[in-house]
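# Analysis of the macromolecular model
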Amino acid sequence: MTKYIFVTGGVLSSLGKGVTAASVGTLLKHSGKNVGMLKIDPYINVDPGTMSPLEHGEVFVTKDGAETDLDIGNYERFLDTSFLKSSNFTTGQVYSSVIERERAGGYLGQTIQVVPHIVGEIVNRIKEAGSGHDILVVELGGTVGDIEGLPFMEAIRQMKHDEEVAGTFFIHVTLIPFIKAAGELKSKPTQHSVQELRRIGITPQMIIARSEYPLPKTFKKKLAMSCDVSGDSVIEALDASTIYDVPVTFLRQNILKPISKELGLGELNPDMEEWDSLVKKIVQPKNKVVVGFVGKYLELKEAYKSLTESLIHCGAHLDTRVEINWVDSEEVEERGAEVLLGDCDSVLVAGGFGNRGVEGKILAIQYARENKIPYLGICLGMQLMLVEYARNVLGLEGANSIEFDENTPHPMVYLIDNFLDQAGDRQLRTHQSPMGGTLRLGEYPCNTKEGSILREAYNGEKTIHERHRHRYEANPAYREQLEKAGMVVTGESNGLIEAVEIEDHPWFLGVQFHPEFTSRLQTPNPSILAFVKASLSIL
Ligand code: GLN
């Protein structure tokens, strides 16, 4: 039977609940436990797939093709594990399945209500995510007191008494503000937040206190007393120099002791040695490299979370600070690539949707190609390599992706209306297909070409597995023409073009997949690692 650790948030959002949950999970995993992770989102969207990255940050894609909250990415990066669809659900999914069951006659005779039906569905989904694990760490999105979070709170409260549940532990993450004028740290918001939790019937057993300043012993004692937790269960979480330092700082405060005592986990001695040495290289690296990151969602860097984290992972393994020079693709259109990218060691064009900034990305690609600067193009960043090559090398005027010009005379990137999905089922799509859940999603195999940068990056692997999230594909009708002119297909999956490179360039790679989704602190993604090496000129 599974034990459950619930992580709730109080006072305000953005306190790093996801990193907290991931850190606790990491310590338990490194103690030899089989740990599962689950994020519950109270919004009504079925998944974040149709939300703007500026609204919600990145959409993280799981191996089995679910579009999930970006915290799932944190879990994977910390626990070095591929989690599945079941690691994230939303209010929208809960209601959908209850309503579907009601229509099918699954509740005949009953009035369907939030309690017990919606809450029951939530409990079932949590237990499903927990099955097979020693411990499931569950992070509740939102903040205590939110109206939409109430059914989730009720569900986790009920689980305390569930016979199929081997134990529960409640962690509350809150903020301890520092009032400058008074020169004091304040515990009142935390007390109120805990009171609100208790009103719902949940007494947290641990407080994780986010604070800009260290908490004095007496303050901790007072906090423990007023929040009704034991003295060793107030854990201080100061702003960390890197999120990967958080598990280690928790460990130093013996966070596992009260958890183990309550859940009966025995003596826990996590092995964090390798982790710690990677963290040291993130904090104080020997080398530095500057990557020009060309994108368009620069107002919210969370939109590129997995990619920026993957650069940190690669940096840690190469003892290098990978500094990102953020370049707005629309600005490239106005000011040219050279001015904005001239100081960079390499150029990265990330994925994206929609017309805005596309021409700037094409200029950045042209600049990297012509000046022989290491270049990695991811998803849209690869598609635009084809467009750029077509226009500037093949001389195909007006070449484009049909995403941006439906009537282009040269659709280098097009919509295939017919392909086999992950499960081997035939997928049909047109311009009229619904937007939600119709992308090519999740892990697909990719065969690499001998002698290519791609195969070399993956240590000679003939078949690699990476994750996708896109609607359009490179058009094979132009393959011969491109290859003749020096742009070679170096990755393929079932006839689909997954990677391209050019001859006569030290390091120029475009991949249709998103390598960043499989990068973890301990195992950085090979293609991104090779890109950072190329940026350092150590290949
Ligand atoms: N917009 C492109 C597509 O849908 C690329 C998507 C991406 O970069 N993730 O195919």
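Before any of the text, the structure's been laid out above.
A short tour of the structure in this document, coming up. Small disclaimer: the values here were computed from a predicted structure and weren't measured.

## Structural notes on the overall build of the protein
Secondary structure assignment for the protein yields 19 helices and 25 strands. Its C-alpha atoms give the protein a radius of gyration of 25 Å, near enough to 24 Å, the size a compact globule of 539 residues would have. Each principal axis of the C-alpha distribution contributes one length, and for the protein these read about 75 × 65 × 45 Å. Taken over 539 residues, the protein has a buried fraction of 58%. A sequence separation of at least 24 residues applies to 72% of the contacts in the protein between residues at least 6 apart. About 22600 Å² of surface is accessible on the protein, with carbon and sulfur atoms providing 47% of the total. Across the protein, 54 positive and 73 negative side-chain charges occur, with their mean positions spaced 6 Å apart.

## Some points on the pattern of salt bridges
For the structure on display, the rule yields 33 salt bridges. We note a salt bridge from Lys-286 to Asp-319, for which the minimum N-O separation is 3.4 Å. Separated by 33 residues along the polypeptide, Lys-286 in the loop between α11 (273-283) and β12 (287-295) and Asp-319 in the loop between α12 (305-317) and β13 (320-328) bring together distant segments of the chain. Linked by salt bridges that have partners in common, Lys-39, Asp-41, Asp-69, Asp-71 and Glu-139 make up one network.

## Let's talk about the site of the ligand
Gly-351, Gly-352, Phe-353, Cys-379, Leu-380, Gln-383, Glu-403, Arg-469, His-470, Arg-471, Tyr-472 and His-514 make up every residue found near the ligand. For the ligand, an oxygen atom lies 3.0 Å from a polar atom in the backbone of Leu-380. Interatomic distance of 2.8 Å between a backbone N/O atom of Arg-471 and an oxygen atom of the ligand. Counting residues per element, the ones that place at least two in the shell around the ligand are α16 (380-392) and β21 (463-470). Residue classes in the shell around the ligand are distributed as four nonpolar, five polar and three charged.

## Overview of the packing of aromatic side chains
For the structure shown, the criterion picks out 13 aromatic pairs. With 5.7 Å between their ring centres and 45° between their planes, Phe-78 and Trp-275 make a pair best called tilted. Taken together, the residues span a long stretch of sequence, with Phe-78 in helix α3 (residues 70-79) and Trp-275 in helix α11 at a distance of 197 residues. Trp-275 matches Phe-78 in its accessibility class, with the two residues each being buried. Above the plane of the ring of Tyr-444 lies Arg-440, whose end atom (NZ or CZ) is 4.7 Å from the centre.

## Focus on the packing of helix α15 (residues 358-370) against α16
What describes two packed helices is the angle between their axes and the distance between those same axes. Here α15 crosses α16 at 70°, and the two axes come no closer than 9 Å. Our classification of the angle between α15 and α16 gives roughly perpendicular. Within the contact between the two elements, α15 uses Val-358, Glu-359, Lys-361, Ile-362, Ile-365, Gln-366 and Arg-369 and α16 uses Leu-380, Gly-381, Leu-384, Met-385, Val-387, Glu-388, Tyr-389, Arg-391 and Asn-392. Across the contact of α15 with α16, the residue classes tally to eight nonpolar, three polar and five charged.

## Brief notes about the sheet that holds strand β23 (residues 487-493)
On the basis of which strands lie adjacent, the open sheet formed by nine strands has the order β13-β12-β14-β15-β25-β24-β23-β20-β21 and mixed pairing. Single-partner strands in this sheet number two, and they are β13 and β21. Averaged over all pairs of adjacent strands, the angle between strand axes in this sheet comes to 25°, irrespective of strand direction. With four bridges joining them, strand β15 (residues 375-378) and strand β25 (residues 508-511) adopt parallel strand pairing. Paired with Tyr-375 across the two strands is Phe-508, which belongs to β25.

## Side note on empty space enclosed by the protein
In the structure shown here, the tally under the stated rule is one cavity of 30 Å³ or more. Computed from the structure, the largest cavity encloses a volume of approximately 70 Å³. Lining the largest cavity, in full, are Gly-9, Pro-42, Leu-140, Gly-141, Gly-142, Thr-143, Val-144, Asp-146, Gly-149, Phe-152 and Met-153. Here the residues of the lining of the largest cavity sort into five nonpolar, five polar and one charged.

## Things to note about the side chain of Gln-512
The topology assignment puts Gln-512 in the loop between β25 and α19 (526-535). Among the polar contacts listed, one links the side chain of Gln-512 to the side chain of His-470, at a separation of 3.4 Å. Those residues within four positions of Gln-512 in sequence are excluded, and the remaining contacts are Cys-379, Met-382, Gln-383, Arg-440, His-468, His-470, Tyr-472, Glu-473, Ala-474, Ile-497 and Glu-498.

## Looking at α11
Buried within α11 are the following residues: Trp-275, Leu-278, Val-279 and Ile-282. One side of α11 holds all its buried residues, which, seen down the axis, span an arc of 105°. Away from the buried face of α11 by more than 90 degrees, exposed residues Glu-273 and Lys-280 are located. Residues of α11 that are buried make contact with α1 (17-29), α3, α9 (246-252), α12 and β13.

## Some remarks on the environment of Lys-533
For Lys-533, the position within the fold is in helix α19. Residue Lys-533 is classed as partly exposed on the basis of its relative accessible area, which comes to 28%.

The rules behind the values
- Residues numbered from 1 in each chain as written.
- Predicted model: local features only at pLDDT ≥ 70, side-chain atom pairs only at ≥ 80, totals over all residues.
- Heavy atoms only, no water.
- Helix = DSSP H or I, 4+ residues; strand = E, 2+ residues; numbered from the N terminus.
- Rg over C-alpha atoms; globule rule 2.2 N^0.38 Å.
- Buried < 20%, exposed > 50% of the residue type's maximum accessible area, 1.4 Å probe, protein only.
- Contact = heavy atoms within 4.5 Å.
- Areas by Shrake-Rupley, 256 points an atom, 1.4 Å probe, with all protein chains shown as cover.
- Lys, Arg positive; Asp, Glu negative; His and termini not counted.
- Charge placed at Lys NZ, Arg CZ, Asp CG, Glu CD.
- Salt bridge = Lys/Arg side-chain N within 4 Å of Asp/Glu carboxyl O.
- Near = heavy atom within 4 Å.
- Polar contact = N/O pair within 3.5 Å; in protein donor to acceptor, adjacent residues only side chain to side chain.
- Nonpolar A, V, L, I, M, F, W, Y, C, P; charged D, E, K, R; others polar.
- Phe/Tyr/Trp six-rings, centres within 6.5 Å; stacked < 30°, edge-to-face > 60°.
- Lys NZ or Arg CZ within 6 Å of the ring centre and 35° of its normal.
- Axes fitted to C-alpha atoms, helices over the stretch in contact; angles between N-to-C directions.
- Parallel < 35°, antiparallel > 145°, perpendicular 65-115°, else oblique.
- Pairing = 2+ DSSP bridges.
- 1 Å grid on protein atoms, 1.4 Å probe; cavity = no way out; pocket = protein on both sides within 12 Å on 5 of 7 lines; lining within 4 Å.
- Points joined across faces, edges and corners; volume = space filled by probe spheres on them.
- Arc of directions from axis to C-beta.

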